[in-house]
Amino acid sequence: MRLYFKYDMSKAYKVILGEQFDKLGIPYTFIAFGEVEVAPGINNEQIIKLSEALNVYGIDLIESQKNILIQKIKDAIIELVYRDEKLSNSKVSSYLAKKLNHSYGYLSNLFSELTFSSIENYIIIQKIERAKQLITTEEITFSEIAWRLNYSSVAHFSAQFKNVTGLTPTAFQRIIKKRREISKAD
Amino acid sequence: MQEDLIHILLADDDEDDRLLFRDAFEEIRLKTKVDTVNDGVELMAYLNRKEIILPHILFLDLNMPRKNGMECLSEIRRLDHLKDIAVAIYSTSASADDIEDTFVKGANVYIKKPSDFAKLREILQHVVSINWQYHTSGLNRDNFILSL
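Residues numbered from 1 in each chain as written. Chains lettered and ligands numbered in written order. Predicted model: local features only at pLDDT ≥ 70, side-chain atom pairs only at ≥ 80, totals over all residues.

Engineer: Go over the environment of A:Gln160 with me, naming the residues and quoting the values.
Structural biologist: All names here are of chain A. On the secondary structure map, Gln160 appears in helix H8 (residues 154–165). In this structure Gln160 comes out as partly exposed when scored by C-beta crowding, with 17 C-beta atoms within 10 Å. For Gln160, the contacting residues outside a window of four places in its chain are Ile124 and Ile128. (Helix = DSSP H or I, 4+ residues; strand = E, 2+ residues; numbered from the N terminus. Buried ≥ 20, exposed ≤ 12 C-beta atoms within 10 Å, placed from the backbone. Contact = placed C-beta atoms within 7 Å.)

Given below as structure tokens:
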């Protein structure tokens, strides 16, 4: 006797992945086939365990050492930008080199090669994102934001904000406010 | 992670524009897969199909027959399964108020269509790589607003 099966790859994949993520206690969201979003806090040990558990099913985690290092650079920059106190003047390059134990030149080249963006650019993006978060969540003046994020003046901050987003901080604030009014009305 | 293909969807009724976009994406440094639809009705039918991989970013022409870009945008933002798609609106010209209005209605990017190809390629490369940062770096998508 033979049994014949038909199977739904996408469903099987989701069930298998879901079980393994649950087992390791990692919260996850399916983004697309072959792509899962996890919280930024996930550590390397968890990634290795997950990768081993999934190997049994022929599912490979696409993750190289270089990518892990990129993630570490990003995490270090975010940590720096999101520290509650004022961003210190100590140069980011020496901070990264010391924290990650590689020369800044190496880190910088690797980052550009794999992310198509430079570390300097990434820092600016993160600073502007931090500014957006402050603009939308806290009662805080633009001067205060400029000071906290270590811009020399509010004009310098506004200029960089405009340069990165195409909008002034005031226009950005107005758009977010209007969006919230609309979603409240729905 | 980084090796992943970036899925791009383009909705434009003008065949020349669609070709131009495709050419531009072929020349940028990121690995992209570009699908196109010819108008708003086709777009919504495409996005509501069950079996598709949703695009990371949708480039949406404002002026299309049958269903225009703004109508599509409103519909997309009302549908739960499409909420996370980045929407980049592009148009030939617009006032600052019009641009702001598209952001209020949920657009992430507003592109004023440039007149030359090199500039278009540069803009698309920029938009796609910024979107990729939001996608891979856990940035808050609600704050993804970019005017070019």
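Let us keep going from here.
Engineer: Give me the packing of helix H6 (residues 119–137) of chain A against helix H9 (residues 169–185) of chain A: which residues, what numbers.
Structural biologist: Residues and elements named next belong to chain A. Here H6 crosses H9 at 55°, and the two axes come no closer than 10 Å. One element, H6, and the other, H9, form an angle in the oblique class. The way H6 lies across H9 gives a crossing that is right-handed. Packed against H6, whose contacting residues are Lys132, Ile135 and Thr136, the element H9 presents Pro169, Phe172, Gln173 and Ile176 at the interface. Classifying every residue of the contact of H6 with H9 by side-chain character gives four nonpolar, two polar and one charged. (Axes fitted to C-alpha atoms, helices over the stretch in contact; angles between N-to-C directions. Parallel < 35°, antiparallel > 145°, perpendicular 65-115°, else oblique. Left-handed = near helix turned anticlockwise from the far one by under 90°. Nonpolar A, V, L, I, M, F, W, Y, C, P; charged D, E, K, R; others polar.)

Engineer: Lay out unusual backbone geometry with the relevant residues and their values.
Structural biologist: Residue and element names in this part refer to chain A. Despite not being glycine, Asn101 shows a phi value in the positive range, around 60°. Within the chain, Asn150 stands out as a residue other than glycine whose phi angle is a positive 65°. Relative to the assigned elements, Asn150 resides in the loop between helix H7 (142–148) and H8. A tally of 13 C-beta atoms within 10 Å means that Asn150 is categorised as partly exposed.

Engineer: Break down the domain arrangement of chain A for me, citing the residues and quoting the values.
Structural biologist: Each assigned domain of chain A is listed with its residue range as follows: domain 1 (9–63) and domain 2 (66–185). With centres defined by C-alpha atoms, the gap from domain 1 of chain A to domain 2 of chain A works out at 29 Å. (Domains from an automatic or database assignment.)

Engineer: Describe the nonpolar core, with residues and values.
Structural biologist: Within soluble globular proteins, side chains that are nonpolar generally end up buried alongside one another. Ranked by size, the top nonpolar core spans 43 residues in total, and within it B:Val87, B:Ala88 and B:Ile89 carry the most contacts. Ignoring any residue separated from it by four or fewer positions in sequence, one finds B:Ala88 in contact with B:Ile57, B:Leu58, B:Phe59, B:Leu60, B:Asn108, B:Val109, B:Ile111 and B:Val127. In this structure, A:Leu96, A:Phe111, A:Ile145 and A:Phe161 belong to the second largest nonpolar core, which totals 18 residues. (Core = buried A, V, L, I, M, F, W, Y, C linked by C-beta atoms within 7 Å.)

Engineer: Lay out the interface of chain B and chain A with the relevant residues and their values.
Structural biologist: By a widespread convention, an interface's size corresponds to the accessible area lost as its parts come together. In this assembly, 22 residues from chain B lie in contact with 26 residues from chain A. Breaking the side of chain B that touches chain A down by element, the ones donating at least two residues are helix H4 (96–104), helix H5 (117–136) and strand E6 (146–147) of chain B. With three residues, H4(B) is the single largest residue contributor to the side of chain B that touches chain A.

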